[in-house]
Each structure stands twice: as C-alpha cells, then as structure tokens.
Amino acid sequence: MATPRSESDRDTSADSRARPRQQRVLGLTMIGGGLLLLISVFLPWGHVAIGGPQAIMTASVSGTGTVTVSVGDGDASLEHHVADYLNPMMNHLGWWVLVIAVLIVVAGAFYLWSPARLEAAIVVTVLGAIGAAMCLFYAVHIRESLSEALDVSSGDGRPGYGVVLACILTVLLTALGFIDANAAFSARGRSRREKGRVG
C-alpha cells in the first residue's frame, strides 16, 4: 500500500515544477533587458538648448558621445562644424555601458541554458550595479558637461530619454539579479540542512 504524500512533499513537488518556468522567464528578462540597454546607448543621453524658449541652437549627444546640432536658421554647414567641434569634448561613458549590456546578455544566456544560474545572477547583479552608477552619474552631470563644452552658462540642459531608459534598466537588472541570487542562496542553504538531517 502506497504511503500518502505529506503536505511538505506536495509543496516541494509544486516548487520543483514552477522553478524551471521562473528560470526561463528570468533568463529571457535578463537577455531582453541587456538588449534594450544596448539600444539605449545609441539614443540621446543629453540635450541642451541655447537662447531660451526661442532657442538659437540645440545640441543632443548620444551615449556613444555622438553630437547632433541644430541651429535656428538651419545652416547645415554650421551645424556640422559645431558637431565636429563638440564630439571630442563629450563623455564617451556610454561605450562602457554598451560593454556591460553585452555582458549582461551573455550572462542571461548562461542563466537560461547552463546550470551556473547562481553565478550568472551574481554577474548580472554586479554588472547592473556598475552600469546604474555610470548612468546615474552621467544623468546628474550631463547639463554642466554640455554647458562647459559649449562655453555657455545659460544653456537649458537636461538628460535625454536614452540615459533615463538606461538608468531604469540597470536598476531593474540589478534588483532582478540580486533577488534571484538571494533566492538561490536560500535554496542551497535549505538543501544542505535537509541533507544534514537525512545524514
């Protein structure tokens, strides 16, 4: 006669079935977040307008440091000249964020298709935290960077939507990796305790 399964046995079985689904979702989220972070590097990370509401010139810079300039009278030659002048002065911090994004995608793939999920989650946590620090630093200082490069004190500078997206993604990826790594550590601890009781 078969021994009835205990409530704890049924809970463990349900957890073991749910875990692979959660791992797939988390792995795909890491990969998707890394890809979106990579794309964000090529979007505007900063914007400055000179001349008040009727701006005589606007300049935007991507995460890779590429500057785009627009002047009020649409002088393409002047726009090109100013952009070439500003490009070497820009912070190219976004290239490091791009590297971090690629590494997060790789770590997400490891999480999804290899047994080293705890290690992959830790890597995502660390990379996400480094990327978040870089992006937040850039967002806070972009106004003064653009104003100094243009040698103006009255420029209306602000972060671009690209760096805002990058900040959000890196913070979320850091939290995601940390929560999963913490859960994995807890699961390993329970497993060791159960093996100790059985032994």
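Now for a description of the structure that goes with this document. Every value quoted in this text rests on a predicted model; they were computed, and no experiment measured them. (Residues numbered from 1 in each chain as written. Predicted model: local features only at pLDDT ≥ 70, side-chain atom pairs only at ≥ 80, totals over all residues. Heavy atoms only, no water.)

A word on the overall build of the protein. Of regular secondary structure, the protein possesses 5 helices and 4 strands. Mapped in sequence order, the helices and strands of the protein form the string α-β-β-β-α-α-α-β-α. Across the 199 residues in the protein, those meeting the buried criterion constitute 39%. Long-range contacts, defined as pairs at least 24 residues apart, comprise 68% of the intrachain contacts of the protein with a sequence gap of at least 6. (Helix = DSSP H or I, 4+ residues; strand = E, 2+ residues; numbered from the N terminus. Buried < 20%, exposed > 50% of the residue type's maximum accessible area, 1.4 Å probe, protein only. Contact = heavy atoms within 4.5 Å.)

Within strand 1 (residues 44-50), 5 of the 7 residues are buried, which leaves the element mostly enclosed by the surrounding structure. Two strands pair when backbone bridges link them, and strand 1 and strand 2 (residues 57-62) are joined in this way by 6 bridges, in the antiparallel orientation. Bridge pairing in strand 2 links Pro44 to Ser62. (Pairing = 2+ DSSP bridges.)

Within the largest apolar cluster, 43 residues are counted, with the highest numbers of intra-cluster contacts made by Trp45 and Val69. Contributing elements (two or more residues each) for this core: helix 1 (7-40), strand 1, strand 2, strand 3 (67-71), helix 2 (76-86), helix 3 (94-113), helix 4 (117-150) and helix 5 (161-198). The biggest single contributor to this core is helix 4, with 10 residues. (Core = buried A, V, L, I, M, F, W, Y, C linked by side-chain atoms within 4.5 Å.)

Each aromatic ring pair is described using two quantities: the centre-to-centre distance and the angle formed by the ring planes. Considering all chains together, one arrives at 2 aromatic pairs under this definition. Taken together, a centroid distance of 6.4 Å and an interplanar angle of 90 degrees make the contact between Phe42 and Trp95 edge-to-face. With Phe42 in the loop between helix 1 and strand 1 and Trp95 in helix 3, the pair connects residues that are 53 residues apart, well separated along the chain. (Phe/Tyr/Trp six-rings, centres within 6.5 Å; stacked < 30°, edge-to-face > 60°.)

Okay, the pairing of strand 3 next. Residues Val67, Val69 and Val71 line the buried face of strand 3, whereas the alternating positions Thr68 and Ser70 sit on a face that is not buried. Hairpin connection from strand 2 to strand 3: 4 residues lie between these consecutive antiparallel strands, with Gly65 at a positive phi of about 90 degrees.

For Leu37, the location among the structural elements is in helix 1. Distance from Leu37 to Leu165, taken between C-alpha atoms, is 7.6 Å for residues 128 residues apart in sequence. Each residue touching Leu37, except ones within four places of it in the same chain, is listed here: Val97, Ala101, Ile104, Ala166, Leu169 and Thr170.

Let us now look at helix 2. What helix 2 keeps buried is the set Glu79, Val82, Ala83 and Leu86. Buried residues along helix 2 cover an arc of 100 degrees about the axis, so they all sit on one side. Exposed residues on helix 2 whose side chains face more than 90 degrees from its buried face are Ser77, His80 and His81. (Arc of directions from axis to C-beta.)

Below, the discussion takes up a nonpolar patch on the surface. A contiguous nonpolar surface patch, about 340 Å² in accessible area, is contributed by Ile122, Val126, Ile130 and Phe185. Looking at which element gives the most residues to the nonpolar patch, the answer is helix 4, with 3 residues. Tracing the chain through its elements places Val126 in helix 4. (Patch = residues over 30% accessible without salt bridge, like charges linked within 9 Å, V, L, I, M, F, W, Y side chains within 5 Å. Areas by Shrake-Rupley, 256 points an atom, 1.4 Å probe, with all protein chains shown as cover. Salt bridge = Lys/Arg side-chain N within 4 Å of Asp/Glu carboxyl O.)

This part covers helix 3. Over its 20 residues, helix 3 extends 29 Å from the first C-alpha to the last, a length consistent with the 28 Å expected when each residue adds 1.5 Å. For helix 3, the full list of buried residues reads Gly94, Val97, Leu98, Ile100, Ala101, Ile104, Val105, Ala107, Gly108, Tyr111 and Leu112. (Expected span 1.5 Å × (residues − 1).)

Another aspect to go through is the environment of Ile50. Tracing the sequence through the fold places Ile50 in strand 1. As for Ile50 and Gly157, which are separated by 107 residues in sequence, their C-alpha atoms are 8.7 Å apart.

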